[in-house]
Amino acid sequence: MASLNLEDMQQIQKELQAKYLEKWGGLSPEIGRDKLLWMMIEAGEVADIIKKKGDDAILNDPETRHHFTEEVCDVLMYLNDVLLCYGITPNEVENVYLEKHKRNMSRW
């Protein structure tokens, strides 16, 4: 893969969900609530690295940078699970993202 996009990420998550269906319980709005909570925990781990290691370590220490990137990827994985649980497509995200960008660019 030259560049991973949201559609690719969702496909990867679907594969993981299928593999661990019995353990993880599949994709549904009820499961989506739990996934959102797990995503927030992972975001807290991202913030914890910033707090404990600092910006310089994230920018310059390969081990810290890798750990930081792993935690950010965990957030993205749970975010994609949430989107899948609620049936939100990459196209929907793209459209709303671009609408928000246009609206924000026209402010002030």
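Bear in mind the structure is a predicted one, so any value in this text is a computation, not a measurement.

Our next topic: the overall build of the protein chain. Broken down by element type, the protein chain carries five helices and zero strands. Its helices and strands in sequence order give the protein chain the pattern α-α-α-α-α, from N to C terminus. With respect to the three principal axes, the spread of C-alpha positions in the protein chain is 45 × 40 × 30 Å. The 108 residues of the protein chain split such that 24% are buried. Excluding contacts between residues fewer than 6 apart, the proportion of contacts in the protein chain whose partners are at least 24 apart in sequence is 64%. Approximately 8300 Å² of the protein chain is accessible, and the part contributed by carbon and sulfur atoms is 58%. Positive and negative side-chain charges of the protein chain, numbering 13 and 20 respectively, have mean locations separated by a distance of 6 Å.

Moving on: a negative patch on the surface. Together, D55, D56, D61 and E63 line one region of the surface with negative charge. With respect to the secondary-structure elements, D55 resides in helix α3 (residues 29–60).

All right, on to the pattern of salt bridges then. According to the stated counting rule, one finds two salt bridges in the structure shown. Of the charged contacts, one joins D81 and K35 as a salt bridge, the two residues approaching to 3.5 Å between their closest N and O atoms. Taken as a pair, D81 in helix α4 (residues 62–85) and K35 in helix α3 lie far apart in primary sequence, 46 residues in all. For K35, a relative accessible area of 9% corresponds to the buried category.

About the thresholds
- Residues numbered from 1 in each chain as written.
- Predicted model: local features only at pLDDT ≥ 70, side-chain atom pairs only at ≥ 80, totals over all residues.
- Heavy atoms only, no water.
- Helix = DSSP H or I, 4+ residues; strand = E, 2+ residues; numbered from the N terminus.
- Buried < 20%, exposed > 50% of the residue type's maximum accessible area, 1.4 Å probe, protein only.
- Contact = heavy atoms within 4.5 Å.
- Areas by Shrake-Rupley, 256 points an atom, 1.4 Å probe, with all protein chains shown as cover.
- Lys, Arg positive; Asp, Glu negative; His and termini not counted.
- Charge placed at Lys NZ, Arg CZ, Asp CG, Glu CD.
- Patch = residues over 30% accessible without salt bridge, like charges linked within 9 Å, V, L, I, M, F, W, Y side chains within 5 Å.
- Salt bridge = Lys/Arg side-chain N within 4 Å of Asp/Glu carboxyl O.

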